[in-house]
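What follows is each chain in one-letter form.
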Amino acid sequence: MSAMLLIEQVLNGLQYGVMLFLMAAGLTLVFGVMGLINLAHGALFMVGAFACASVAAATGSFWLGLAASLAAAAAAGAIVELTVIRRLYARDHLDQVLATFALILVFSEGTRWLFGSFPLYLDIPPALAGPVTLPGGIDYPLYRLVLIGIGLAIAGGLFWLIGRTRLGIRIRAGEADREMIAALGVDISRLYTIVFALGAALAGLAGALVGALQSVQVGMGEPVLILAFVVIVIGGIGSIKGALVGAILVGLTDTLGRFLLPVLFGAFMPPSQATTVGAALASMLIYILMAGVLVVRPGGLFGRA
Amino acid sequence: MRREAILNAAIAIALLAVPLAAQAMGEPFVITLATKVAILALAGVGLNIALGLGGMVSLGHAAFFGIGGYAMAVLAAPVQAYEPLMTWPVEVAGTKSMPIIWLAATLAGGLAALAIGALSLRTSGVYFIMITLAFGQMLYYFAISWPAYGGEDGLSIYVRNGFPGLNTLEPLQFFALCYGVLMVALLFSRVLARSRFGLALAGARQNPLRSAALGIRPYSVKLTAFVISGAITGLAGALFADLNRFVSPAMLSWQTSGEIMVFVILGGVARLFGPVAGAALFILLEHWLGGFSEYWKLFLGLALLGIVLFARGGLIGTIAGREVAHD
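Residues numbered from 1 in each chain as written. Chains lettered and ligands numbered in written order. Predicted model: local features only at pLDDT ≥ 70, side-chain atom pairs only at ≥ 80, totals over all residues. Heavy atoms only, no water.

As annotated in an unreviewed UniProt entry, chain B is Amino acid/amide ABC transporter membrane protein 2 (HAAT family) from Rhodovulum euryhalinum. As stated in UniProt under Subcellular location (unreviewed entry), the record for chain B gives "Cell membrane". (UniProt positions renumbered as here; feature names shortened; annotations may be inferred.)

Chain A is annotated in an unreviewed UniProt entry as Amino acid/amide ABC transporter membrane protein 1 (HAAT family) of Rhodovulum euryhalinum. Taken directly from UniProt, the Subcellular location (unreviewed entry) text for chain A runs: "Cell membrane". Entered under Sequence similarities (unreviewed entry) in the UniProt record, the comment concerning chain A runs "Belongs to the binding-protein-dependent transport system permease family. LivHM subfamily."

What follows is the structure, given as structure tokens:
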């Protein structure tokens, strides 16, 4: 059983990791380009999930819901950038933390007002429901496999966007020297809005995709947000590559830790105690990983510090 | 500075006068609210030492607040279960005595701050914010998954702990105790800010390179301040647990960290009475907005946004002027 179960857990960890990447990519871009710490990124994740669940429920199509999640999160991101975030770029991190904390309250309670306190449910589209048999005879849910594929494809697309397109050149230039590219005639405030909306759309997409695996409810964004922070601290702030490596590392560590630690402790403890100690330690494992990375490299794996 | 001193005195007197008036009018609930303000303000006084004096934006102070709360539960729970706290290597009994609990909570908060600060202070700026947040979450998940003290459900301590010579079950007496602790902490905070250590800390905040060149290691000074800050917040956690007679992982959650930070910023960062004014305003808003809308946090969020964007310097800064005293 062990090898097959292990492969399954590795795939689960990978799926978790690529979804974390979608969250972390937006955070790290926004921080890298605008120097802004955005606690409200998790709220955009929630907006995407709610948009997808409500549109899918109204039209019966998951794919329309997915399109709605991208549009809603990007629009919410653009509106928030234009009305609030824009005023925070020149402020210190403390003001940014407080203002985006306030935004979380507004988004969470606003959503509760609109949709009520009960969770919504989002079904996996019928075409992707059910398991597939992988080589080696492992049955694995097709939907999770598709999530891994989508996540990796988006990662590839982002690398292409940042590395090969004119927008990407501007984003990188904005990270390096914002006065200079403003002087070269790039409309910097429009660039900022685009980057923020792009990050928001990625978060919204992640929310919609993950929403089909769990329930869609108020407050679902914050745990993911904090894990995304861990990811970009491990990867190095501002680095897309770091976000990808960090996300997969965190996804695998968390999933495998929860699976393996109780087994490991079971080797020299009574089973009930092993489960308790293993589960408690597993819930702390990614933070221990983060502390370890910081001791060796305070700027993260791919950071510039 | 004169205006700020008058304002501080007014806040201190108001916080004392409100529960006394409530007692006279037979409104014990108001006394409980005032006690909550005093305790949360104490947590804010702790954070203000790191945030205001040391410039360390910690979004993980719920860790120390929660550890203080759990320190209370760990000591008091064995007493209500008629069991010893530990039997090996020596038998130790639990306690319901507040001074001992306070000492334990302060030490536990300080030790946790030492461990978290030693790692987190290797970084600065936005990394520091995220890392303190992440360590806070780590303890939160640990508290949820560790069943010995109630896990996710938390743990009730049915009878409030005692203080020699006082009846802590009496709301006004418990308030007086919390108020006294808050005043001592404020006095300590003021003495600290004006001491040689406080000046070294201000130097490390304003210009770490220059302070290193003068022979003061910014890392050590900041870590010491972070430990003091965590210890005071831990003490506040023990009092808060005693107020509610209940501890749960919610005390460790990152929303708690955010709220403690909101008290400090709402009142005014680095202002001596900032946390008191902030906590009072927060509890008032919570109580008042909560009265007419179930979704009061929406309005709280909008109010906070308005304050950050348009009223910099917080409540005390807005009333007493922007200038922060440098003496």
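From this point, the discussion proceeds with the structure in view.
S.K.: Got a sec to walk through the overall build of chain B? Specific residues and values, please.
M.R.: Counting its secondary structure elements, chain B contains 13 helices and 4 strands. What you see for chain B is a C-alpha radius of gyration of 20 Å, in line with the 20 Å of a compact globule of 327 residues. With the C-alpha coordinates of chain B rotated into their principal frame, the extents come out at 55 × 50 × 40 Å. Within chain B, buried positions represent 53% of all 327 residues. Sequence-distant contacts, at least 24 apart, represent 77% of the contacts inside chain B between residues at least 6 apart. Here chain B has roughly 13900 Å² of accessible surface; of this, 67% comes from carbon and sulfur atoms. For chain B, the centre of its 18 positive side-chain charges and the centre of its 13 negative side-chain charges are spaced 17 Å apart. (Helix = DSSP H or I, 4+ residues; strand = E, 2+ residues; numbered from the N terminus. Rg over C-alpha atoms; globule rule 2.2 N^0.38 Å. Buried < 20%, exposed > 50% of the residue type's maximum accessible area, 1.4 Å probe, protein only. Contact = heavy atoms within 4.5 Å. Areas by Shrake-Rupley, 256 points an atom, 1.4 Å probe, with all protein chains shown as cover. Lys, Arg positive; Asp, Glu negative; His and termini not counted. Charge placed at Lys NZ, Arg CZ, Asp CG, Glu CD.)

S.K.: So what's going on with a nonpolar patch on the surface? Which residues, and what values?
M.R.: All names here are of chain A. On the surface, a nonpolar cluster with roughly 260 Å² of combined accessible area is contributed by Val245, Leu249, Leu301 and Phe302. By the secondary structure assignment, Phe302 is in the segment after α11 (271-296). Taking the relative accessible area as the measure of exposure, Phe302 reaches 34% and is therefore partly exposed. (Patch = residues over 30% accessible without salt bridge, like charges linked within 9 Å, V, L, I, M, F, W, Y side chains within 5 Å. Salt bridge = Lys/Arg side-chain N within 4 Å of Asp/Glu carboxyl O.)

S.K.: Describe the interface of chain A and chain B, and please don't skip the residues or the numbers.
M.R.: The figure often quoted for interface size is the accessible area lost as the parts come together. Counting residues at the interface gives 46 residues for chain A, matched by 44 residues for chain B. Where chain A packs against chain B, one counts 0 salt bridges. Here chain A is connected to chain B by 6 residue pairs in polar contact (both at pLDDT 80 or more). When contributions to the side of chain A that touches chain B are tallied by element, the ones reaching two or more residues are α4 (93-115), α9 (221-235) and α11 of chain A. The biggest single contributor to the side of chain A that touches chain B is α4 of chain A, with 16 residues. For the side of chain A that touches chain B, a count of residues per class yields 33 nonpolar, 7 polar and 6 charged. (Polar contact = N/O pair within 3.5 Å; in protein donor to acceptor, adjacent residues only side chain to side chain. Nonpolar A, V, L, I, M, F, W, Y, C, P; charged D, E, K, R; others polar.)

S.K.: Quick rundown of the packing of α4 of chain A against helix α12 (residues 296-310) of chain B? Include the residues and the values.
M.R.: For the pair α4 of chain A and α12 of chain B, the least separation of the axes is 8 Å and the interaxial angle reads 155°. Here α12 of chain B runs roughly antiparallel to α4 of chain A, going by the angle between their axes. Two packed elements cross with a definite hand, and for α4 of chain A against α12 of chain B that hand is left-handed. Across the interface between the two elements, Asp95, Leu98, Ala99, Ala102, Leu103, Leu105, Val106, Glu109, Gly110 and Trp113 of chain A of α4 of chain A pack against Lys297, Leu298, Phe299, Leu300, Gly301, Leu302, Leu304, Leu305 and Val308 of chain B of α12 of chain B. Across the contact of α4 of chain A with α12 of chain B, the residue classes break down as 14 nonpolar, 2 polar and 3 charged. (Axes fitted to C-alpha atoms, helices over the stretch in contact; angles between N-to-C directions. Parallel < 35°, antiparallel > 145°, perpendicular 65-115°, else oblique. Left-handed = near helix turned anticlockwise from the far one by under 90°.)

S.K.: Please set out the packing of aromatic side chains residue by residue, giving values where relevant.
M.R.: Summed over all chains, the structure comprises 16 aromatic pairs over all chains. Ring plane angle 85° and centroid distance 5.3 Å describe the contact between Phe62 of chain A and Trp63 of chain A, whose orientation is recorded as edge-to-face. Residue classification places Phe62 of chain A among the buried positions, given a relative accessible area of 5%. Ring geometry for Phe62 of chain A versus Tyr143 of chain A: centroids 6.3 Å apart, planes at 80°, classification edge-to-face. Within this pair, whereas Phe62 of chain A is found in helix α3 (residues 62-83), its partner Tyr143 of chain A is found in helix α5 (residues 142-164), the two being separated by 81 residues in sequence. Given the relative accessible area of 2%, Tyr143 of chain A is considered buried. Connected via pairs of aromatic rings, a cluster forms that spans Phe62, Trp63 and Tyr143 of chain A. Here the basic side chain of Arg160 of chain B rests over the ring of Phe174 of chain B, its NZ or CZ set 4.1 Å away from the ring centre. (Phe/Tyr/Trp six-rings, centres within 6.5 Å; stacked < 30°, edge-to-face > 60°. Lys NZ or Arg CZ within 6 Å of the ring centre and 35° of its normal.)

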